[in-house]
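Residues per chain are reported as follows:
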Amino acid sequence: TSGKHPEPQMFTHHDGLKKVYDAVIIGAGGHGLAAAYYLARDHGMTNVCVLEKGYIGGGNTGRNTTIIRSNYITPEGVQFYDTSVKLWQDLSQDFDLNLFYATRGHYTLAHTDAALRTMRWRAEVNKHCGVESEVVGPEELRREIPMMDMSCGGHAPIIGALYHAPGAIARHDAVAWGYGRGADQRGVQIHQQTEVLGIEVTAGRVSGVRTSRGFIATSKVLCAVAGSTPRILDMIGVRSPIYIHPLQAMVSEPMKPWLDPILVSGSLHVYISQSARGELVLGASLDPYELHSTRSTLDFTEGLAAHMLELFPFLSHVKIVRQWAGMADMTPDFAPIMGKTPIEGFYLDAGWGTWGFKATPVSGKTMAHTMVTDTPHPLITGFSLDRFRNYALTGEKGAASVGH
Ligand code: FAD
Ligand code: PYC
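Procedures and definitions
Residues numbered from 1 in each chain as written. Chains lettered and ligands numbered in written order. Predicted model: local features only at pLDDT ≥ 70, side-chain atom pairs only at ≥ 80, totals over all residues. Heavy atoms only, no water. Helix = DSSP H or I, 4+ residues; strand = E, 2+ residues; numbered from the N terminus. Rg over C-alpha atoms; globule rule 2.2 N^0.38 Å. Buried < 20%, exposed > 50% of the residue type's maximum accessible area, 1.4 Å probe, protein only. Near = heavy atom within 4 Å. Polar contact = N/O pair within 3.5 Å; in protein donor to acceptor, adjacent residues only side chain to side chain. Nonpolar A, V, L, I, M, F, W, Y, C, P; charged D, E, K, R; others polar. Pairing = 2+ DSSP bridges. Axes fitted to C-alpha atoms, helices over the stretch in contact; angles between N-to-C directions. Contact = heavy atoms within 4.5 Å. Expected span 1.5 Å × (residues − 1). Parallel < 35°, antiparallel > 145°, perpendicular 65-115°, else oblique. Salt bridge = Lys/Arg side-chain N within 4 Å of Asp/Glu carboxyl O. Areas by Shrake-Rupley, 256 points an atom, 1.4 Å probe, with all protein chains shown as cover. Disulfide = S-S within 2.5 Å.

This brings us to the overall build of the protein chain. In terms of helices and strands, the protein chain carries 8 helices and 19 strands. For 404 residues, the compact-globule estimate of 2.2 N^0.38 gives 22 Å, and the C-alpha radius of gyration of the protein chain, at 21 Å, lies within 12% of that figure. When its C-alpha atoms are laid out on the principal axes, the protein chain stretches across 65 × 60 × 35 Å. Counting over 404 residues, the protein chain shows a buried share of 58%.

This paragraph deals with the site of ligand 2. Taken together, Thr65, Ile67, Arg69, Tyr72, Tyr271, Thr354, Trp355, Lys358, Ala400 and Ser401 form the complete shell of residues around ligand 2. Within the contact set of ligand 2, a nitrogen atom lies 2.6 Å away from a backbone nitrogen or oxygen of threonine 354. At a separation of 2.5 Å, an oxygen atom of ligand 2 approaches a polar side-chain atom of lysine 358. The residue makeup of the shell around ligand 2, split by class, is 5 nonpolar, 3 polar and 2 charged.

The next point concerns the sheet that holds strand E12 (residues 221-223). Taking strand neighbours across the sheet as the criterion, the 6 strands line up as E8-E2-E1-E12-E19-E18 in an open arrangement whose pairing is mixed. Edge positions in the sheet fall to strand E8 (189-191) and strand E18 (337-340), since each has one partner strand and no second. Taking the axes of each pair of neighbouring strands and ignoring which way they run, one obtains an average angle of 15° across the sheet. Direction of pairing for strand E1 (residues 23-26) relative to E12: parallel, over a ladder of 3 bridges. Within E12, the position partnered with isoleucine 25 by the bridge is leucine 222. Against the sheet, helix H1 (residues 30-43) makes contact with E1, strand E2 (48-51), E8, E12 and strand E19 (346-350), and its axis sits at roughly 155° relative to E1, the strand it touches most.

Turning next to helix H3 (residues 113-128). Compared with the 22 Å implied by 1.5 Å per residue over 16 residues, the 23 Å span of H3 between its first and last C-alpha is a close match. All of the buried residues along H3 are Ala115, Leu116, Met119, Arg122, Ala123, Val125 and Asn126. Of the surrounding secondary structure, the elements contacted by the buried residues of H3 are helix H2 (75-95), strand E4 (106-110), strand E5 (134-136) and strand E6 (160-164). Count one or two residues on from H3 and you reach glycine 130, which has phi positive near 80°.

Below, the discussion takes up the pairing of E18. In this sheet, E19 lies alongside E18 in antiparallel orientation, the contact comprising 4 bridges. Residue pairing across strands places methionine 338 opposite aspartate 349, the latter belonging to E19. Between E18 and E19, which follow one another and run antiparallel, lie 5 residues, and glycine 345 among them has a positive phi close to 85°.

Right, let's talk about the packing of H2 against helix H8 (residues 360-373) for a bit. Two elements in contact, H2 and H8, have axes separated by 7 Å at closest approach and are oriented at 105°. Looking at the two axes, H2 sits roughly perpendicular to H8. Between H2 and H8, the residues in contact are Phe80, Thr83, Ser84, Leu87, Trp88 and Leu91 and Thr360, Pro361, Val362, Ser363, Lys365 and Thr366, respectively. Residues belonging to the contact of H2 with H8 are distributed by class as follows: 6 nonpolar, 5 polar and 1 charged.

Within this structure, the stated rule accounts for 12 salt bridges. For arginine 41, the salt bridge goes to aspartate 42, with nearest N and O atoms at 2.8 Å. In this structure arginine 41 comes out as partly exposed when scored by relative accessible area, which is 34%. Among the salt bridges present, the one from arginine 171 reaches aspartate 173, with a minimum N-O distance of 3.3 Å. Here the residues in one salt-bridge network are Arg41, Asp42, Asp94 and Lys365, joined through shared partners.

This paragraph deals with H8. Taking 1.5 Å of rise per residue, 14 residues should cover 20 Å, and H8 covers 20 Å from first to last C-alpha, within 8% of that figure. Within H8, the full set of buried residues consists of Thr360, Pro361, Val362, Ser363, Gly364, Thr366, Met367, Ala368, Thr370 and Met371. Just past H8, the residue aspartate 374 takes up positive phi, approximately 55°.

Surveying the vicinity of ligand 1 reveals 36 residues, the closest of which are Glu52, Asn60, Thr61, Thr65 and Lys358. Between asparagine 60 and ligand 1, the recorded distance is 2.8 Å, taken from a backbone N or O atom to an oxygen atom. The side chain of serine 228 places a nitrogen or oxygen atom 3.5 Å from a nitrogen atom of ligand 1. Here ligand 1 has 1000 Å² of accessible area as a free molecule, and 96% of this is covered by the chains. With 3 residues, the top contributor of residues to the shell around ligand 1 is strand E13 (residues 243-254).

A positive phi angle, close to 65°, is found at threonine 66, a residue other than glycine. Mapped onto the secondary structure, threonine 66 falls in the loop between E2 and H2. With phi around 55°, tyrosine 391 is a residue other than glycine that occupies positive phi space. Relative to the helices and strands, tyrosine 391 resides in the segment after H8.

Here we come to the state of the cysteines. Inspection of the entire model under this criterion finds 0 disulfides. You can see cysteine 223 has no disulfide; the closest cysteine sulfur is in cysteine 49, sitting 14 Å from it. Judged by relative accessible area, which is 0%, cysteine 223 ranks as buried.

Now the structure itself:
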């Protein structure tokens, strides 16, 4: 900064932590920041801090491939994600920040009769819930994506697809910055480089948080740490069925725009979209081993590139410029875990696996409501931690995203 005219800062700098907050949010990813934003904006709760061990959006939020859609398979899922898609529409304006939200349409390709049957099922559930989805045949795909090899090299011909018109992409970092700045402007404190090391529980309720920069007293804690959820739950002795697998992605060099829709093939384990700046954004299924690490591998790049070429052989000379990994917090039924826990005042927003970016707005809104009222928001009752004890799963595996 130049003393007299300091550069504008997006976030307020706070020298230290306060001794007491009404609520502490662990994790400055999209979900933690969105909850902070709605706590302040919708409920007037501003004596809140967000604690982040690294930097804003540096977790899965800044590593994801930004696919937004609501074509899930359970009514609970469809209604929840549809509410999110609706919230996304106004966010750039709410934040006065361009999120580059672009509705592109989303095709889930079917290469087998069994896959097509699942697409039909999803289309019917979607339509029943008022969400635009339909099964389309090869003719439409040939017309809409003429450069795609419909035979996939001859060994996995495409026989149809689920088309979901509202499918969209957005600029991921901007989402975290927008929610963060909006919360900050309303008085929420965001503390980066501040790691949560322990949670104090007194007589079954939360009483404080131990951090790398000191102790905070509070009676409400929201845990929104995605791939670090098992570590935080260990601190309070709560068990969950969450397991962590790496999920990798990569981008190509930028090209002139040629691919408008978003494409997913569960059978080929590949998904692809073209970003606003022309890069192809590509991903695959989870790495097939549990690992708490953001290491990326050559195996992944080679495997994914081979599948990409089955769909688009003309890309063989395109360069890959970046690759990375995130830590996906997977659940057995591929639905999130949201709401209250056996510890009073300790709320959980987790189990976002490979599908949580699109839910950032709705998770923030529903978790803020849940924390203020101490009652799960009606949209999240199907996602409680209890469902694993009660054998009442919310099976979303058929719609979670790419193959797993
Ligand atoms: P995060 O963004 O991970 O934030 C959690 C934060 O908590 C991190 O910043 C971390 O540093 C912090 N933290 C952890 N431990 C502590 C601690 N002890 N103290 C303080 N802070 C701590 N979803 C989609 O909907 N569409 C997609 O296309 C999509 N693609 C994906 C592609 C990849 C490669 C990956 C990895 C994920 C993808 N996802 C996608 C999933 C999505 O990214 C996540 O579900 C979502 O971003 C989770 O957001 P979050 O805010 O809960 O977590
Ligand atoms: O949730 O649509 C999704 C998705 C695609 C790739 C990773 N997640």
